[in-house]
Amino acid sequence: KKSGMSSKKDKKKKKNELELLEEALVGDAEKQAKAAKKKERERKEREERMRMERDKLAKQKAASQDPLFANTHAMIGSMDDSDNGQDDVKVGRAANRANAEALSASSIEGALSALSTGGEEDQHPEKRMKALHKAFEERMLPEMKQQYPGLRLGQYKDKIFQLWKKSPENPMNQPRPVLKS
């Protein structure tokens, strides 16, 4: 009978050892899963901190800029000379300075030639304003949808119209030709 009793104890002992081994393996797997989750959470937090820092620096940079330049930059985006190859295109204040330098004349004939319109310019740009606005709207709508997701179409069109009022493409923002009497 002792051998029967000892075999029951041996089976119980083996069962306990197997359970302990299984618990150890399961525990290790759970620890590894927790460690992986913790590592992923820390990575996401680190990325979020970096994004917040970049946003903060961008806001500080925008706050330190001249408001007119910031508005122009927001309307037309950043135009690096290296990306488009348009070295001679002037925007904003640089364009105004270039126009002022071009208009300086030392004689009456020079002043009249600087002020002449050339005759080829459209005398009534307001007539084609609707078509220009429609083309501007079609071009800006995808950009607005990326910048402001979730708005209704009317809200997008309102934002685009606000940009249109300030846009250099708007014929009403172009210098008016001088009419000779």
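Structural notes, computed from the coordinates. In this text, all values refer to a predicted model and were calculated from it rather than measured experimentally.

Quick look at the packing of helix 6 (residues 129-147) against helix 7 (residues 153-166) now. Angle between the axes and distance between the axes: these two values describe a pair of packed helices. Two elements in contact, helix 6 and helix 7, have axes separated by 9 Å at closest approach and are oriented at 120 degrees. Here helix 6 lies oblique to helix 7, going by the angle between them. Considering only the axes of helix 6 and helix 7, their crossing is right-handed. Within the contact between the two elements, helix 6 uses Met129, Leu132, His133, Phe136, Glu137, Met140, Leu141, Met144 and Lys145 and helix 7 uses Leu153, Tyr156, Lys157, Lys159, Ile160, Phe161, Leu163 and Trp164. The residue makeup of the contact of helix 6 with helix 7, split by class, is 12 nonpolar, one polar and four charged.

This next bit is on a nonpolar patch on the surface. A cluster of nonpolar residues, Leu18, Leu21 and Leu25, forms a patch on the protein surface that exposes about 330 Å² of accessible area. By relative accessible area, which is 57% here, Leu18 ends up exposed.

Turning our attention to the packing of aromatic side chains. This structure, assessed with the given rule, holds one aromatic pair. Here Phe136 and Trp164 contribute two aromatic rings whose centre-to-centre distance is 5.2 Å and whose plane-to-plane angle is 50 degrees, an arrangement assigned as tilted. In this pair, Phe136 is assigned in helix 6 and Trp164 in helix 7, connecting sequence segments 28 residues apart. Just as Phe136 is buried, Trp164 falls in that class too. In this arrangement the basic side chain of Lys159 is found over the ring face of Tyr148, its NZ or CZ atom lying 4.4 Å from the centre.

Within an α-helix, residues lying three or four positions from one another point in the same direction, as the helix has 3.6 residues per turn. If you check helix 6, its first and last C-alpha atoms are 26 Å apart, about what 19 residues at 1.5 Å a residue would give, namely 27 Å. Of all bends in helix 6, the biggest is about 35 degrees, found at Met140, and the proline Pro142 comes one to four residues later. Among the residues of helix 6, His133, Phe136, Glu137, Met140, Leu141 and Met144 are the ones counted as buried. The inward-facing, buried residues of helix 6 contact helix 7.

Here we come to the pattern of salt bridges. Inspection of every chain in the model, using the stated rule, returns six salt bridges. The salt bridge involving Lys157 is made with Glu137; its shortest N-O contact spans 3.7 Å. Placement of the pair is Lys157 in helix 7 and Glu137 in helix 6, with a sequence separation of 20 residues. Assessed through its relative accessible area of 33%, Lys157 is described here as partly exposed. A relative accessible area of 11% means that Glu137 is categorised as buried.

Scoring rules and cut-offs
- Residues numbered from 1 in each chain as written.
- Predicted model: local features only at pLDDT ≥ 70, side-chain atom pairs only at ≥ 80, totals over all residues.
- Heavy atoms only, no water.
- Axes fitted to C-alpha atoms, helices over the stretch in contact; angles between N-to-C directions.
- Helix = DSSP H or I, 4+ residues; strand = E, 2+ residues; numbered from the N terminus.
- Parallel < 35°, antiparallel > 145°, perpendicular 65-115°, else oblique.
- Left-handed = near helix turned anticlockwise from the far one by under 90°.
- Contact = heavy atoms within 4.5 Å.
- Nonpolar A, V, L, I, M, F, W, Y, C, P; charged D, E, K, R; others polar.
- Patch = residues over 30% accessible without salt bridge, like charges linked within 9 Å, V, L, I, M, F, W, Y side chains within 5 Å.
- Areas by Shrake-Rupley, 256 points an atom, 1.4 Å probe, with all protein chains shown as cover.
- Salt bridge = Lys/Arg side-chain N within 4 Å of Asp/Glu carboxyl O.
- Buried < 20%, exposed > 50% of the residue type's maximum accessible area, 1.4 Å probe, protein only.
- Phe/Tyr/Trp six-rings, centres within 6.5 Å; stacked < 30°, edge-to-face > 60°.
- Lys NZ or Arg CZ within 6 Å of the ring centre and 35° of its normal.
- Expected span 1.5 Å × (residues − 1).
- Bend = angle between axes of the 7 residues up to and from the residue.

Any functional reading would require information that these geometric values do not contain.
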